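# Tertiary structure, described
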Amino acid sequence: MQAAEQAIALAIAASDAHEFPVGAVVHRDGMIIGAGMNQKETLKDPSAHAELLAIRAASEAIGDWRLTGATLVSTLEPCPMCLGAILQARIEHVVYLAKDIRWGACGSVMDFSQHHALNHRCTLEYRPNPTVVDLMKQFFKQEGKR
């Protein structure tokens, strides 16, 4: 299963758990080394975003917080907290499948992925995916805004 497909499968699993449908995976050298789905409601933790959980899993899997050479694929544009963790982890490339017009830190609201004052930067790639957008629309219809 490709990284984007696995991220979408995780977003579906998050939706099934009544979480906002976001999934994320970290891969390097052709292997997925970390995965996560939104678990803010389940864990009662505002930091339990899919991207952070995927980064934690990847760091644990390789035994290092430095994820140099890795790519993170998320079904939603990372927020400022997640992009901060991506930069801290030294992830080199971010792919996201839907824009976040309220919290997006990869250009929708702000972008500090290439900020000159930071000691690390990452490249960004937006790959629109209608399945992901439909999942989010369905969530808001069923769960409402929280």
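Here, the structure is the one placed above.
The sections below set out a description of the structure shown in this document. (Residues numbered from 1 in each chain as written. Predicted model: local features only at pLDDT ≥ 70, side-chain atom pairs only at ≥ 80, totals over all residues. Heavy atoms only, no water.)

## Brief notes about the overall build of the chain
To be explicit about the condition: Think of it this way: any DSSP run of H or I at least four residues long counts as a helix, any run of E at least two long counts as a strand, and we number them from the N terminus. Every radius of gyration here is taken over C-alpha atoms, with the globule rule written as 2.2 Å times N^0.38, N being the number of residues.
The helix and strand inventory of the chain stands at 5 helices and 5 strands. Order of helices (α) and strands (β) in the chain, N terminus to C terminus: α-β-β-α-α-β-α-β-β-α. Here the C-alpha radius of gyration of the chain, 14 Å, is about what a compact globule of 146 residues would show, namely 15 Å. The dimensions of the chain, computed from C-alpha atoms along their principal axes, are 40 × 30 × 30 Å.

## Considerations on the packing of helix H3 (residues 50-62) against helix H4 (residues 80-88)
Rules: Axis definition: a line fit to C-alpha positions, over the contact stretch in the case of helices; interaxial angles, taken between N-to-C directions, run 0 to 180 degrees. Put simply, angles under 35 degrees are roughly parallel, angles over 145 are roughly antiparallel, angles from 65 to 115 are roughly perpendicular, and the rest are oblique. In this scheme the handedness of a crossing depends on how the near helix is turned from the far one: anticlockwise by less than a right angle means left-handed, clockwise means right-handed. Whether two residues are in contact is decided by their heavy atoms, any of which lying within 4.5 Å being enough. In this count, Pro and Cys sit with the nonpolar residues alongside Ala, Val, Leu, Ile, Met, Phe, Trp and Tyr, while Asp, Glu, Lys and Arg are called charged and the others, Gly among them, polar.
One way to put it is that H3 packs onto H4 with a least axis distance of 9 Å and a crossing angle of 20°. Taken together, the axes of H3 and H4 lie roughly parallel to each other. The two elements H3 and H4 cross, and the hand of that crossing is left-handed. Contacts from Glu 51, Leu 52 and Ile 55 in H3 reach Met 81, Cys 82, Ala 85 and Ile 86 in H4. Tallied by class, the residues present in the contact of H3 with H4 amount to 6 nonpolar, no polar and 1 charged.

## Details of the nonpolar core
Our working definition: We call a set of buried Ala, Val, Leu, Ile, Met, Phe, Trp, Tyr and Cys residues a nonpolar core when their side-chain atoms join them within 4.5 Å. Burial classes: relative accessible area under 20% of the type maximum marks a residue as buried, over 50% as exposed, and values in between as partly exposed (1.4 Å probe, protein chains only).
The biggest cluster of nonpolar side chains holds 40 residues, and the ones touching the most others in it are Val 26, Ile 55, Leu 67, Ile 86 and Ile 91. If you tally residues by element for this core, the top one is helix H1 (residues 3-16), at 6 residues. Every residue in contact with Val 26, bar those within four places of it in the chain, is listed here: Met 31, Ile 32, Ile 33, Gly 34, Ala 54, Ile 55, Ala 58, Leu 67, Ala 70, Thr 71 and Leu 72.

## Details of the pattern of salt bridges
Defined as follows: Here, a salt bridge means any Lys or Arg side-chain nitrogen found within 4 Å of an Asp or Glu carboxyl oxygen.
Enumeration according to the criterion identifies 2 salt bridges in this entry. Note that Arg 127 is salt-bridged to Glu 125, the shortest N-O span being 2.8 Å.

## Things to note about the side chain of Thr 75
One can find Thr 75 in the loop between strand E3 (71-74) and H4. Setting aside residues no more than four positions away along its own chain, Thr 75 makes contact with Ala 7, Ile 8, Ala 11, Pro 21, Val 22, Gly 23, Leu 97, Ala 98, Val 132 and Met 136.

## Notes on the environment of Phe 112
Take Phe 112: it is sitting in the loop between strand E4 (93-96) and strand E5 (123-126). Taking the relative accessible area as the measure of exposure, Phe 112 reaches 22% and is therefore partly exposed. Sequence separation between Phe 112 and Leu 87 is 25 residues, and the spatial gap between their C-alpha atoms is 9.5 Å. Sequence-distant contacts of Phe 112, that is, excluding residues within four places in its chain, are made with Pro 80, Leu 83, Gly 84, Leu 87, Ala 105 and Leu 118.

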